[in-house]
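Architecture and fold: a report
Letter by letter, the chains look like this.
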Amino acid sequence: METRVAVIGIIVENRESVSKLNEILSEYGEYIIGRMGLPYEKKNINCITVVLDAEQNVINTLCGAIGKLDGVSSKAAFSNV
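First things first, this report covers the structure right here in the doc. Note that the coordinates shown come from a computational prediction; the quantities given were computed from them, not determined experimentally. (Residues numbered from 1 in each chain as written. Predicted model: local features only at pLDDT ≥ 70, side-chain atom pairs only at ≥ 80, totals over all residues. Heavy atoms only, no water.)

What about the overall build of the protein?
Looking only at helices and strands, the protein has two helices and four strands in total. In the protein, the succession of α and β elements from N to C terminus is β-α-β-β-α-β. Here the C-alpha coordinates of the protein stretch approximately 40 × 20 × 15 Å along the principal axes. Total accessible area computed for the protein in this model is approximately 5200 Å², and 51% of it derives from carbon and sulfur atoms. Counting 8 positive and 10 negative side-chain charges, the protein places the averaged centre of each group 9 Å from the other. (Helix = DSSP H or I, 4+ residues; strand = E, 2+ residues; numbered from the N terminus. Areas by Shrake-Rupley, 256 points an atom, 1.4 Å probe, with all protein chains shown as cover. Lys, Arg positive; Asp, Glu negative; His and termini not counted. Charge placed at Lys NZ, Arg CZ, Asp CG, Glu CD.)

Printed below as a string of structure tokens:
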């Protein structure tokens, strides 16, 4: 099946969900090209960007699993490539 490059933007408002988030990302490690996390102490949140190359259904499943975590939101943006 064809893969696509995508970026998932993640905002973590509940730090207690970070260990579960890292578990989920580790499960999808074979698809992850890179990730960057930035703490924003002024608002007490963390912003994470994950870049992937995977089938669209894999990206959607990952984004959905992340979004189900308490105090965590995520959105995916897909390339046309």
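A look at the packing of aromatic side chains
Applying the stated rule across the entire model yields one aromatic pair. Ring centres of tyrosine 28 and tyrosine 31 lie 6.4 Å apart, and the angle between their planes is 45°; on these two criteria the pair is classed as tilted. By relative accessible area, which is 25% here, tyrosine 31 ends up partly exposed. (Phe/Tyr/Trp six-rings, centres within 6.5 Å; stacked < 30°, edge-to-face > 60°. Buried < 20%, exposed > 50% of the residue type's maximum accessible area, 1.4 Å probe, protein only.)

Remarks on the packing of helix H1 (residues 18-27) against helix H2 (residues 56-67)
Contact pair H1 / H2: the axes reach a minimum separation of 10 Å and the direction vectors enclose 170°. As far as their axial angle goes, H2 and H1 are roughly antiparallel. On H2, the residues touching Leu21, Ile24 and Leu25 of H1 are Leu62, Ala65 and Ile66. Among the residues forming the contact of H1 with H2, the class breakdown is six nonpolar, no polar and no charged. (Axes fitted to C-alpha atoms, helices over the stretch in contact; angles between N-to-C directions. Parallel < 35°, antiparallel > 145°, perpendicular 65-115°, else oblique. Contact = heavy atoms within 4.5 Å. Nonpolar A, V, L, I, M, F, W, Y, C, P; charged D, E, K, R; others polar.)

Treat this as a map of the structure, not an account of what it does.
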